[in-house]
Amino acid sequence: AVPVQRYKRILGSLMLTKPSASIDNALLDVRLDILKIFGIAIAVTTILSIYLARTIARPVKRLAAAADRVRRDHSREENIPDFTTRNDEIGDLSLALRAMTAALWTRMDAIERFAADVAHEIKNPLTSLRSAVETAARVKDVDQQRKLMSIIQDDVGRLDRLISDISDASRLDAELSRSHREPVDLAGMLSTLADVHETTVADGGPKLILELMDAQKLSVQGMESRLVQVFRNLIANAVTFSPPGASIRVTAHRDRKAVVVTVDDEGPGIPPGKEEAIFQRFYTERPHGEKFGTHSGLGLSISQQIVDAHDGTIRASNRLGHDGKVLGARFIVRLPAA
C-alpha cells in the first residue's frame, strides 16, 4: 500500500493485493511431500524391522531357547539350531554353541566313564580285602593268619594308592583351567630331575643320561609343578622297565616353535598295538615279577591330560634296531615354545 499525495497532502492510498491460493497450494505441496517422505520412512522402518526380526532376533531367540532346553533336559535329543551356513555373527554364535554343547556332553561322558572305572578298580581290592577279612576270622592257624594279614595290608595299600591317584586326577582338570601359566625352563627342570635320579637311584639301577640342545631356548609356558609331574612319571616308568645297569636317555631340543623332549629306555618295549592304550585310565602293563597293585595305572593318563592342557602332544613307540628287534620304549613330549 502506498499513499496518494498532492502538494504533500494525502488524498488517499493505493493498495495492491495478490490471491494467496498459489502460496497455500505450495505449502500444501510441501506438507504432502513431507507426509510422503514420512510414510516412506515408516514403511522402510517397518520392513527393516520385520527383516531384522526374521534374520537376527528370531534366530537368537531360537538359539537361546535351545540352550535353555539343553540346560533343563537330561536327554541328548535336543540340538542347537544350525546356522553355520550364515557368514555373520549369528552363524559364529551357532557354531560356538554347538561346539560348547558337544564339549559338554563329551565332558559328561568322560565323567561317567571315570566314575565307572573308579568303581570297578576300587571294587577289586575291596572284594579281596573282604574275602581275606572273612577268612581270617575263621582261620586258627597262625601262619595262615599271617599270610591273610599280609594280603590285607597289600589291599589297604593298593586302595590308598588308588584313592590318592584318583583324587589327584579329579582335581587336575579344575586346577589346569584356573592356574596362571608362567615361563618354565625345561632345561633347568630336566637337569634337576637328573640330579635327583642320580642321588636316589639304587645300586645297580639304570643310569640317566641327559642331553640338552640349545638349552637357552628350551622354555615353555605352563605350570612348572605339573610339567615336573609329567617328566617324573616318564622317568619313573623308564626306571621300572629298565634292566639293571641299563641306561635311560633323556634328550631335549628346539624344533622351530616347539620344544621336544624324548625319554628312551632299554626295557622290553611296548606290546604291539598298545601304543595308544597305555594312556588309558587304569591300564597297567608292568614288568614280570613286579608285585601286583603297586601302580594304579593313572600315571600316563594324568601325564597325557597335563600335556593336552598345555596344548602339546605325547606319544609312545618302540625303538627298533636294524634287525627289527625292539631296543626299548620311547616317549616323545612336544610342547609349544615360549
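Here is what the cut-offs are and how they apply
- Residues numbered from 1 in each chain as written.
- Predicted model: local features only at pLDDT ≥ 70, side-chain atom pairs only at ≥ 80, totals over all residues.
- Heavy atoms only, no water.
- Helix = DSSP H or I, 4+ residues; strand = E, 2+ residues; numbered from the N terminus.
- Rg over C-alpha atoms; globule rule 2.2 N^0.38 Å.
- Buried < 20%, exposed > 50% of the residue type's maximum accessible area, 1.4 Å probe, protein only.
- Contact = heavy atoms within 4.5 Å.
- Pairing = 2+ DSSP bridges.
- Salt bridge = Lys/Arg side-chain N within 4 Å of Asp/Glu carboxyl O.
- Axes fitted to C-alpha atoms, helices over the stretch in contact; angles between N-to-C directions.
- Parallel < 35°, antiparallel > 145°, perpendicular 65-115°, else oblique.
- Left-handed = near helix turned anticlockwise from the far one by under 90°.
- Nonpolar A, V, L, I, M, F, W, Y, C, P; charged D, E, K, R; others polar.
- Expected span 1.5 Å × (residues − 1).
- Bend = angle between axes of the 7 residues up to and from the residue.
- pLDDT = per-residue confidence, 0-100.
- Arc of directions from axis to C-beta.
- Phe/Tyr/Trp six-rings, centres within 6.5 Å; stacked < 30°, edge-to-face > 60°.
- Patch = residues over 30% accessible without salt bridge, like charges linked within 9 Å, V, L, I, M, F, W, Y side chains within 5 Å.
- Areas by Shrake-Rupley, 256 points an atom, 1.4 Å probe, with all protein chains shown as cover.

**Remarks on the overall build of the protein chain**
Step number 1: The number of helices and strands found in the protein chain is 6 helices and 9 strands.
Step number 2: Taken over C-alpha atoms, the radius of gyration comes to 40 Å for the protein chain, far larger than the 20 Å a tight globule of 338 residues would show.
Step number 3: Its C-alpha atoms give the protein chain principal-axis dimensions of about 155 × 60 × 40 Å.
Step number 4: By residue count, 30% of the 338 residues in the protein chain fall in the buried class.
Step number 5: Excluding contacts between residues fewer than 6 apart, the proportion of contacts in the protein chain whose partners are at least 24 apart in sequence is 65%.

**Notes on the pairing of strand E2 (residues 9-14)**
Step number 1: Little of E2 is tucked away: 0 of the 6 residues are buried.
Step number 2: Relative to E2, strand E1 (residues 2-6) is paired through 5 bridges, and the arrangement is antiparallel. The residue of E2 that forms the bridge with Pro3 is Ser13.
Step number 3: In textbook terms, the turn of a hairpin is the stretch between consecutive antiparallel strands, and for E1 and E2 this stretch comprises 2 residues, one of which, Tyr7, has a positive phi near 45 degrees.

**Re the pattern of salt bridges**
Step number 1: Per the counting criterion, the structure on display carries 10 salt bridges.
Step number 2: Asp143 is paired through a salt bridge with Arg146; the nearest N and O atoms lie 2.9 Å apart. One end of the pair is Asp143 and the other is Arg146, both in helix H3 (residues 142-178) and 3 residues apart, which spans about a single turn.
Step number 3: Owing to a relative accessible area of 51%, Arg146 belongs among the exposed residues under this scheme.
Step number 4: Residue Arg330 is joined to Asp264 by a salt bridge in which the shortest nitrogen-to-oxygen separation is 2.8 Å. Pair noted here: Arg330 is in strand E9 (residues 326-336) and Asp264 is in strand E7 (residues 258-264), with a separation of 66 residues, a long-range link.
Step number 5: Taken together, the shared-partner salt bridges in this structure form one network comprising Asp68, Arg71 and Arg72.

**Observations regarding the packing of helix H4 (residues 186-200) against helix H5 (residues 224-241)**
Step number 1: Look at H4 against H5: their axes get within 11 Å of each other, and the N-to-C directions meet at 45 degrees. Between H4 and H5, the angle is such that the two are oblique. Judged by the sense of rotation from one axis to the other, the crossing of H4 with H5 is right-handed. Contact residues: Leu186, Met189, Leu190, Leu193 and His197 in H4; Glu224, Leu227, Val228, Phe231, Arg232, Ile235 and Val239 in H5.
Step number 2: Broken down by class, the residue content of the contact of H4 with H5 amounts to 9 nonpolar, 1 polar and 2 charged.

**Details of the packing of helix H1 (residues 21-72) against helix H2 (residues 89-138)**
Step number 1: Interhelical geometry of H1 versus H2 gives an angle of 5 degrees and a closest axis separation of 11 Å. Between H1 and H2, the crossing angle belongs to the class labelled roughly parallel. Here Thr55, Ile56, Pro59, Val60, Leu63 and Val70 of H1 come into contact with H2, specifically with Ile90, Leu93, Ser94, Leu97, Thr101 and Trp105.

**Focus: H1**
Step number 1: In this model H1 runs 71 Å from its N-terminal to its C-terminal C-alpha over 52 residues, within 8% of the 76 Å that 1.5 Å per residue would give.
Step number 2: Where H1 bends most, the angle comes to about 45 degrees, and this point is Ala53.
Step number 3: Looking at H1, one finds that the buried residues are Thr55, Pro59, Leu63, Ala66 and Val70.
Step number 4: In this structure, the buried side of H1 is in contact with H2.

**Section: the side chain of Gln229**
Step number 1: Within the element layout of this structure, Gln229 appears in helix H5.
Step number 2: Beyond its immediate stretch of four places on either side in the chain, Gln229 contacts Asp168, Ile302 and Ile306.

**Let's talk about the confidence of the model for the protein chain**
Step number 1: Chain-level pLDDT for the protein chain is 84 on average; 94% of the residues reach the 70-or-more range.
Step number 2: Within the protein chain, H3 has the poorest average pLDDT of any element, 78, and E7 the best, 93.

**Section: H4**
Step number 1: The end-to-end C-alpha separation of H4 is 21 Å, in line with the 21 Å expected for 15 residues at 1.5 Å each.
Step number 2: Buried within H4 are the following residues: Leu186, Ala187, Met189, Leu190, Leu193, Ala194 and His197. Along the axis of H4, the buried residues cluster in a sector spanning 165 degrees; they form a single face. Within H4, the exposed residues directed more than 90 degrees away from the buried face are Asp195 and Thr199.

**Thoughts on the packing of aromatic side chains**
For any two aromatic rings, the description comes down to two numbers: the centre-to-centre distance and the angle of the planes.
Step number 1: Applying the stated criterion to the full structure yields 1 aromatic pair.
Step number 2: Measuring from centroid to centroid gives 6.3 Å for Phe279 and Phe331, while their planes differ by 85 degrees, and the two rings are edge-to-face. Here Phe279 is found in the loop between E7 and helix H6 (299-309), whereas its partner Phe331 is found in strand E9, with 52 residues between them in sequence.
Step number 3: The class of Phe331 is buried, set by a relative accessible area of 8%.

**Observations regarding a nonpolar patch on the surface**
Step number 1: A cluster of nonpolar side chains, Ile40, Val44, Leu48, Tyr51, Leu52, Ile56, Val60 and Leu93, forms an exposed patch at the surface whose accessible area comes to about 700 Å².
Step number 2: In terms of residues, the nonpolar patch owes the most to one element, H1, which gives 7 residues.
Step number 3: Here Ile56 is to be found in helix H1.
Step number 4: Classification of Ile56 by relative accessible area gives partly exposed; the value is 41%.

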